[in-house]
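Residue strings, one per chain:
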Amino acid sequence: METMIPNLVGAGIIVIGAGYGLGKIGGSAMEAIARQPEAANKIQTAMIIIAALLEGLAFGALFLGK
Amino acid sequence: MHLFRGFYLLFHYFCARIRQALFFSKEAMKISNYSIKFFGVLLTCLLTINVFANESTVQEQQGDERISTKVEIEEYILHHLKDSHDFHLVSYTNDAGERVHVGFPLPVILYGNNGITTFMSSEFHHDSDGKVIVEKNGNRFVNYHGKIYELEAGATELALDAEHHPVNASKPLDLSITKSVFGILIAGLLMLWFFSSLARQYKKRNIPKGFGRVLEPLVIYVRDEIARPNIGEKKYKKFTGYLLTVFFFIWILNLMGLTPFGFNVTGQIAVTAALAVFTLIIYVVSGNKDFWGHIFWMPGVPILIRPILAIIELVGTLIIKPFSLLVRLFANISAGHIILMSLIAIMINLKADLGPIGSTALSFGLSLFIFVIELLVAFLQAYIFTMLSALFIGMAVAEHDHEHEHDAHGNEVADAEDIRENFI
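Residues numbered from 1 in each chain as written. Chains lettered and ligands numbered in written order. Predicted model: local features only at pLDDT ≥ 70, side-chain atom pairs only at ≥ 80, totals over all residues. Heavy atoms only, no water.

An unreviewed UniProt entry lists chain B under the name ATP synthase subunit a, with Aequorivita viscosa as the source organism. What the UniProt record of chain B gives under Function (unreviewed entry) is the line "Key component of the proton channel; it plays a direct role in the translocation of protons across the membrane." In its Sequence similarities (unreviewed entry) section, the UniProt entry covering chain B states "Belongs to the ATPase A chain family." (UniProt positions renumbered as here; feature names shortened; annotations may be inferred.)

Per an unreviewed UniProt entry, chain A goes by the name ATP synthase F(0) sector subunit c and belongs to Aequorivita viscosa. Annotation of chain A in UniProt includes, under Subcellular location (unreviewed entry), the sentence "Membrane". In its Sequence similarities (unreviewed entry) section, the UniProt entry covering chain A states "Belongs to the ATPase C chain family."

Summing up its helical and strand segments, chain A has 2 helices and 0 strands in all. By the burial criterion, 27% of the 66 residues in chain A qualify as buried. Working note: accessible area of chain A is about 4500 Å², and carbon and sulfur atoms make up 71% of it. (Helix = DSSP H or I, 4+ residues; strand = E, 2+ residues; numbered from the N terminus. Buried < 20%, exposed > 50% of the residue type's maximum accessible area, 1.4 Å probe, protein only. Areas by Shrake-Rupley, 256 points an atom, 1.4 Å probe, with all protein chains shown as cover.)

In this section: the UniProt feature "transmembrane region" (unreviewed entry) in chain A. Residues annotated in UniProt with the feature "transmembrane region" (unreviewed entry) correspond here to residues 7–23 and 43–64 of chain A. End C-alpha atoms of residues 43–64 of chain A are separated by 32 Å, and the span's content is 100% helix alongside 0% strand.

So, about the sheet that holds strand β4 (residues 115–120) of chain B. Residue and element names in this part refer to chain B. Read from one edge of the open sheet, 3 strands run β4-β3-β9, paired in antiparallel fashion. With partners counted over all chains shown, the strands left at the sheet margins are β4 and β9 (173–174), one partner each. Sheet topology places strand β3 (residues 107–112) next to β9; 2 bridges connect them, and they run antiparallel. Across the sheet, residue Tyr 111 finds its bridge partner in β9, namely Leu 173. (Pairing = 2+ DSSP bridges.)

This next bit is on the packing of aromatic side chains. Residue and element names in this part refer to chain B. With the rule as written, the count across this model stands at 19 aromatic pairs over all chains. Arranged with centres 5.6 Å apart and planes meeting at 75 degrees, the rings of Phe 87 and Phe 182 form a pair that is edge-to-face. Here the residue Phe 87 occupies a position in strand β1 (residues 86–93), and Phe 182 occupies one in helix α4 (residues 179–204), the gap between them amounting to 95 residues. By relative accessible area, which is 3% here, Phe 87 ends up buried. One residue, Lys 321, lies across the ring of Tyr 283, its end atom 5.5 Å from the ring centre. (Phe/Tyr/Trp six-rings, centres within 6.5 Å; stacked < 30°, edge-to-face > 60°. Lys NZ or Arg CZ within 6 Å of the ring centre and 35° of its normal.)

We now examine helix α1 (residues 5–35) of chain A. Taking 1.5 Å of rise per residue, the 31 residues of α1(A) would be expected to cover 45 Å, and the 45 Å separating its terminal C-alpha atoms lies within 8% of that figure. Those residues of α1(A) not exposed but buried are A:Ala11, A:Ala18, A:Gly21, A:Ile25 and A:Ala29. (Expected span 1.5 Å × (residues − 1).)

Taken together, the 13 residues of chain B in the interface contact 10 residues of chain A. Summing both sides of the interface, chain B and chain A together bury roughly 1100 Å²; the carbon and sulfur share of this comes to 82%. When the area that chain B buries against chain A is broken down by residue, the three leading residues are B:Phe323, B:Val327 and B:Arg328, summing to 33%. Linking chain B with chain A are 1 salt bridge. A salt bridge links B:Arg328 to A:Glu55, with the shortest nitrogen-to-oxygen separation between them at 3.9 Å. The interface formed by chain B and chain A contains 2 residue pairs in polar contact (both at pLDDT 80 or more). At the level of secondary structure, the elements contributing two or more residues to the side of chain B that touches chain A comprise α9 (306–349) and α10 (351–397) of chain B. Residue classes in the side of chain B that touches chain A are distributed as 10 nonpolar, 2 polar and 1 charged. (Contact = heavy atoms within 4.5 Å. Buried area = accessible area lost by both parts, 1.4 Å probe. Salt bridge = Lys/Arg side-chain N within 4 Å of Asp/Glu carboxyl O. Polar contact = N/O pair within 3.5 Å; in protein donor to acceptor, adjacent residues only side chain to side chain. Nonpolar A, V, L, I, M, F, W, Y, C, P; charged D, E, K, R; others polar.)

Another point: the UniProt feature "transmembrane region" (unreviewed entry) in chain B. All names here are of chain B. Those residues carrying the UniProt feature "transmembrane region" (unreviewed entry) are residues 180–199, 239–259, 265–285, 297–320, 326–350 and 362–385 in this numbering. The span residues 180–199 is 100% helical and 0% strand by assignment, and the distance between its end C-alpha atoms comes to 28 Å. Regarding residues 362–385, the helix share stands at 100% and the strand share at 0%, and the terminal C-alpha atoms are separated by 34 Å.

This paragraph deals with the pairing of β3(B). Residue and element names in this part refer to chain B. A one-sided burial pattern is seen for β3, the buried positions being Val 108, Leu 110 and Gly 112 and the unburied ones Pro 107, Ile 109 and Tyr 111. Direction of pairing for β3 relative to β4: antiparallel, over a ladder of 6 bridges. Bridge assignment links Tyr 111 to a residue of β4, and that residue is Ile 116. The hairpin formed by β3 and β4 contains 2 residues between the paired strands.

Turning to a nonpolar patch on the surface, a few remarks are in order. Taken together, the side chains of A:Leu64, B:Ile311, B:Val315, B:Leu318, B:Ile319, B:Ile320 and B:Phe323 define a hydrophobic patch exposed on the protein surface, amounting to about 650 Å² of accessible area. Locating B:Ile319 in the fold gives a position in helix α9. The exposed category is assigned to B:Ile319, whose relative accessible area is 52%. (Patch = residues over 30% accessible without salt bridge, like charges linked within 9 Å, V, L, I, M, F, W, Y side chains within 5 Å.)

Taken together, B:Arg200, B:Lys203, B:Lys204, B:Arg205 and B:Lys209 make up a surface patch of like positive charges. Structurally, B:Lys209 is set in the loop between α4 and α5 (212–231). (Lys, Arg positive; Asp, Glu negative; His and termini not counted. Charge placed at Lys NZ, Arg CZ, Asp CG, Glu CD.)

Encoded structure:
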């Protein structure tokens, strides 16, 4: 169990970073849609792609840290 | 059990209503309106059945062997997440005090030392501790924690070492129709039925009728919103078939995971890995000269950095892209199942503190909320998997209109064509 601790801490740090990133993506997308409501669809698609890539990173960290 | 029969009847009532509404509505003008409504009704009855069925599952466990401690709940959830050799719906204890399992067995197909052996999984009598020995073809098999082992000659029972690994048994090649394989077969048959009937309808009329009206907008959505913008106008047709297959396969299996049948197919890492490998093979095989050029010898970058970039790009293309695809789907679906089952377990865990009504109400409210989110996640994960596959394929087949000149620092020099594009 003790040998697991570095893995778990590392996974935790990565998840904090991913959470920050997701917040930033979401916030920026909201701002962008507010500025240009007619481009909402394109912005949403791009947002989902980047969010999915980031989520993959976070899940990868959780998976490897388990 | 009467609870179950009640919901079965309710489900049939709803199905009949949907069928009636689907096949007897003639106004072609209201297609989209109708499809959304029918879809809503379908999902609603799916949802009702699931939550109630899960509750009845947990409640009916309160016989002699009821699941009551946290350790048992955890075991139950982990058991659900794994693949199994039989199809188990409900267990309960009847009036005579016997344990009754409701479900049906699935065929076990093994390739061991003596060739192929087949039998039904009911011969294990729901045992997964390696106690029941099945003798077939001169081989003896035991089921230990969901995996089937072949006992060595002379061994009378399964012996375990300190880490609970069997020591006197080997693992035969297991080609069984397990619960996940069964789920995949059902999804395949459903897709074959849906889409072949949809395709046949286009021979007679331009607008499909019946369930085809629900499917057509989805097919067009995948083609126009996922394949066309990401792969490009010239080549999207070649890959749309794969993308449609993957999209509906993942979506149907995700939704099947939310029914009370307890499928967890897209939460099996082997299934998602196979899907990711398909995408990998497609974009590796169809990658063009520019794609490989940008991997091995990146233009526009100082020479010394190019080998380093080549290693990074190669690892990224061949390992990280499929790995992120497979882990995302697997982790999302597994996490959803764990959360849903944990919320249902609140009913048992907080019974002492909140009383039976309070704990059930809390668990019902929370699991209903998460279930609606899971319906969204089921679609979103299918969408994201398809979208990223399309994006990766699009990167591999993208054609560069013209070569750029590079200056002494390796930066691209804008030529007349770029300037004209920017000007317009």
